[in-house]
Amino acid sequence: MRRPFIAGNWKMNLTKAEAIALAQAVAAKVGAGHAVEIAVCPPAVHLDAVAAVLKGTGVGIGAQNVYFQPNGAFTGELSVAMLVDLGVQYVILGHSERRRIMGETNEHVNAKLHAVLAGGLTPIVCVGETLDERTANKTEDIVQEQLAGSLAGITAEQAGRVVIAYEPVWAIGTGQVATKEQAEEVHAAARKMLAARFGETTAASIRIQYGGSVKPDNAADLLAQPNIDGALVGGASLKADSFLGIVAGVKL
Ligand code: 13P
């Protein structure tokens, strides 16, 4: 019902030559028509080159960020139309690194979400709590607040085109993966929140990825959970073998 979706977030890594080589290796091993939806999200300066490599393959391409205005005096920013022009299909929005380091708020994420949906791209909206928030038992409150703020003003039809990524901040880049029970609990709660807002049918169709130290050896357990529909992978997406090892963890 929900097609599993594994995306690699390359973050601020790789030279252009390395990015091309990695995209070629992933595409060669995936082949066309894979049952799992697969995408990689290179740094913006490599999108053009990687899009050229991935054109016509079974691997999609996403950006890690975008600005919400269509054009104008916004030094250093990129528009949705620019990404569309390059053949980009997905955009990661509200990653915790952007929220914490670049000061992005739910309002920013929401403005970007509206622009991305209007431009016909698929948004991957990231939510997740810090360790302090989890320790204080605030995980579901935080996810609720981030979902409500980030998804404000969209219709159920638009929500059906959104991918959510639950990425507990304490699990990102730390090697400390959420247990399958911890992750499933939040995914199930997030789906309930989506159902309350958009209705059961739409909520049942929305993919919710897990992100945070996903590796080939822990992917299968996580991906077997009923509400975990894929993964947003950081470090392990920087090598074709480990990224595809995670794809192989999807039980079809
Ligand atoms: P790691 O897989 O390196 O923990 O990163 C997860 C992440 O932030 C993906 O967006």
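Since we're looking at a predicted model, the values are computed, not measured.

Draft legend 1. Structural view of the pattern of salt bridges. Under the definition given, this model contains 10 salt bridges. For glutamate 37, the salt bridge identified is with arginine 3, shortest N-O distance 3.6 Å. Here the residue glutamate 37 occupies a position in strand 2 (residues 37-41), and arginine 3 occupies one in the segment before strand 1 (5-9), the gap between them amounting to 34 residues. You can call glutamate 37 buried: its relative accessible area is 13%. Two residues, glutamate 97 and lysine 11, come together in a salt bridge whose shortest N-O distance is 2.8 Å. Of this pair, glutamate 97 sits in helix 4 (residues 96-101) while lysine 11 sits in the loop between strand 1 and helix 1 (16-30); the two residues are 86 residues apart in sequence, bridging distant segments of the chain. On the basis of relative accessibility, which here comes to 23%, the residue glutamate 97 falls in the partly exposed class. One connected set of salt bridges, linked through shared partners, spans Arg2, Arg191 and Asp229.

Draft legend 2. A look at unusual backbone geometry. The backbone phi angle of lysine 11 is positive, close to 50 degrees, even though this residue is not glycine. For leucine 14, which is not glycine, the phi dihedral falls at a positive 85 degrees. One can find leucine 14 in the loop between strand 1 and helix 1. Judged by its relative accessible area of 24%, leucine 14 falls in the partly exposed class.

Calculation notes
Sequence order sets the numbering: in each chain, residues are counted from 1 along the sequence as written. Residue-level local features of this predicted model are given only where pLDDT is at least 70; pairs of side-chain atoms are given and counted only at 80 or more, and the full residue set underlies all totals for whole chains, interfaces and linings. Hydrogen atoms and water are omitted, and side-chain values are computed over all heavy atoms in the structure. Counted as salt bridges are all cases of a side-chain nitrogen of Lys or Arg within 4 Å of a carboxyl oxygen of Asp or Glu. The helix and strand labels rest on DSSP assignments: H or I over at least four residues marks a helix, E over at least two residues marks a strand, and numbering proceeds from the N terminus. Relative accessible area decides the class of each residue, using a 1.4 Å probe on protein chains only: under 20% of the type maximum gives buried, over 50% gives exposed, and in between gives partly exposed.

The values reported here are purely geometric and, on their own, carry no functional implication.
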